[in-house]
Amino acid sequence: MATSTYKLANFETFQNTINNTLTPIPRTRRGINPNTETELPEVPISAQEDVDNAVAAAQAAFPSWSNLSQDERAEYLSKFADAIDANQAGFAKLLGEECGKPPQGVGIELFLVTHQIRETVKIKLGEEVVEDSAERSIVQRYVPMGVGVGIVPWNFPMLLATIKLTSALLAGNTFILKPSPFSPYTALKLGEVGAQVFPKGVLNVLSGEEDLGPMLTAHPGVAKVSFTGSIATGKKVMQACAATLKRVSLELGGNDAAIILPDADLAVTVPKVATLSFFHTGQLCVAIKRIYVHSSIYDAFLAAFTSFVSTLKIGNASDPEATLGPIQNKMQYEKLLDMHSEISKQGLKVALGADLSTDKKGFFLPPTVIDNPPDDARIVTEEQFGPIIPLLKWTDEEDVLRRANDSLMGLGGSVWGKDVKNAERVSRRLEAGIVWVNSHAETGPQVAWGGHKNSGMGVESGLEGLKGWCNAQAVWVSK
Ligand code: NAD
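Residues numbered from 1 in each chain as written. Predicted model: local features only at pLDDT ≥ 70, side-chain atom pairs only at ≥ 80, totals over all residues. Heavy atoms only, no water.

A. Structural detail: the sheet that holds strand S18 (residues 412–416). Within the open sheet, the seven strands sit side by side as S14-S15-S16-S13-S12-S18-S19. Their pairing is mixed. With partners counted over all chains shown, the strands left at the sheet margins are strand S14 (349–352) and strand S19 (434–437), one partner each. Taking each pair of neighbouring strands and ignoring which way they run, the sheet shows an average axis angle of 25°. Direction of pairing for strand S13 (residues 290–294) relative to strand S16 (residues 388–394): parallel, over a ladder of four bridges. For Ile291, the partnering residue across the bridge sits in S16 and is Leu391. Strand contacts of helix H11 (residues 330–345): S14, strand S15 (368–371) and S16, with the helix running at about 40° to S16, the strand carrying the most contacts. Each of S18 and S19 is contacted by helix H14 (residues 420–427), which is oriented at about 160° to S19, the strand it contacts most. (Pairing = 2+ DSSP bridges. Helix = DSSP H or I, 4+ residues; strand = E, 2+ residues; numbered from the N terminus. Axes fitted to C-alpha atoms, helices over the stretch in contact; angles between N-to-C directions. Contact = heavy atoms within 4.5 Å.)

B. Quick peek at the domain arrangement of the protein chain. Split by domain assignment, the protein chain resolves into domain 1 (4–252 + 455–478) and domain 2 (256–445). One C-alpha centre belongs to domain 1, the other to domain 2; they are set 31 Å apart. Taken residue by residue, the interface counts 30 residues in domain 1 and 33 residues in domain 2. Across the domain 1/domain 2 interface, buried area totals approximately 2,500 Å², and carbon plus sulfur atoms make up 62% of it. Viewed at the interface, domain 2 and domain 1 are joined by zero salt bridges. (Domains from an automatic or database assignment. Buried area = accessible area lost by both parts, 1.4 Å probe. Salt bridge = Lys/Arg side-chain N within 4 Å of Asp/Glu carboxyl O.)

C. Structural context of the UniProt feature "domain: Aldehyde dehydrogenase" (unreviewed entry) in the protein chain. Within this numbering scheme, the UniProt entry marks residues 31–475 as carrying the feature "domain: Aldehyde dehydrogenase" (unreviewed entry). For residues 31–475, the helix share is 40%, the strand share is 21%, and the end-to-end C-alpha distance is 50 Å. (UniProt positions renumbered as here; feature names shortened; annotations may be inferred.)

D. Seen up close, the UniProt feature "active site" (unreviewed entry) in the protein chain. What UniProt calls "active site" (unreviewed entry) maps, in this numbering, to Glu251. Every residue in contact with Glu251, bar those within four places of it in the chain, is listed here: Lys164, Phe227, Thr228, Gly229, Trp449, Gly450, Gly451, Ser455, Gly458, Val459 and Glu460.

E. Local environment of the nonpolar core. One finds Phe80, Ile291 and Phe305 to be the most contacted residues of the largest nonpolar core, which totals 86 residues. Residues from two domains meet in this core; each of domain 1 (4–252 + 455–478) and domain 2 (256–445) gives at least three. Filtering out sequence-adjacent residues up to four positions away, Ile291 remains in contact with Ala258, Ile260, Val273, Ser277, Phe301, Phe305, Ile389, Pro390, Leu391 and Leu392. Grouped together as the second largest cluster of nonpolar side chains are 26 residues, Met339, Leu348, Ile370 and Ala423 included. (Core = buried A, V, L, I, M, F, W, Y, C linked by side-chain atoms within 4.5 Å. Buried < 20%, exposed > 50% of the residue type's maximum accessible area, 1.4 Å probe, protein only.)

So this is what it looks like as structure tokens:
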């Protein structure tokens, strides 16, 4: 609940939080508002000295923080959720500006942030008695590692940061958050709000340029790096962590398939599948990215799908009716334009699309639907991470499973049909870390989240996610 106990953060100036102190930094840069292409306020460019100071502060805070009981740490985290709620209006405006989310998307992310904290603190690490005999006892327990680092991307800057820091801190680690240079603003404010709640050095936030991630992954004082981002960067992070044998977990890209069975109820299925393909303008790791529709219902599905998608409103961060916002940054926008140009070069059939040339400011792209492209088209094999979706025809169950699984990625996947048992049977054969029946992209603090194959290593959330922030320790006592 929002309370007036917490000071409202100032949402106009932005500094690193190190040891609960807002630290002025001589070098600064500015992010770009994707709604308008105008500059946002200055943010720090952290240097090696700032990294060293943050690591030293987190190391100094570790002994007393890790000595608290889990319940005491949970109490601090619950207060952190209250302090975020107290600053909700400021966060909402800022998230819209830095990320290009219309208010509907902002509301969902903000809800998930505090929900993640309040539900995660209910999970208990506990100790497991493996043996208790006349000769000895053996107890399996989980102990924190030390200083944790969270490196996050730009699509859900608050939620992805919160998932990492909540489990890390609850398990007894101290933490340094590094947001993407494309979206550092809400993360820096999370640090500032956290400084009102946590003991010194427990939560530190640093913004910077592309050299900041490597400075953190190389630092010998860091025990674990939890990374969310692209597969290419994930490989670099793992390589850098190997030098000091840091623990590492990777949440990487996906190319999620949705399989529509012949008995799917189109009136219910089409709006859901369309919404989950274009949620946050497709910039979601578990957005539906390939839709395999049974040939007996393909034409009807395609017609209903394009008709529904054409009703989705595109708008900026101040448009409460908008479902689709802009692409978050110019780099991703240009990557998507390149994908569009390949679609026309290859002569793929566009079932829904619009003219891309516009003199309006902002990185906006119209939703585009591609009608049955070949399996080797880029739009099928690559993660698009934007508002373009291919629909593909299938006839044979074994064959569609082979096609859905024919990817180096394996994050999520879904199966849609009226016969739920049958749909679940098919879903269990998808090579993915999270599978859904008649749904997609649902997530919750109570259960592990992570990809198979190149989509990741390790998990976040749930008890397994909490254990991921610990070293296992076996205690043998001879009686
Ligand atoms: P990215 O890999 O470019 O950047 C992610 C983060 O890594 C940023 O903070 C960046 O500054 C940092 N970074 C860059 N180079 C680094 C290096 N050498 N060492 C350490 N850190 C470095 O990814 P992005 O474009 O920001 O994010 C989009 C990708 O993230 C998509 O592929 C998406 O699917 C994936 N993603 C995955 C999940 C998941 O849960 N699996 C969730 C959200 C996004």
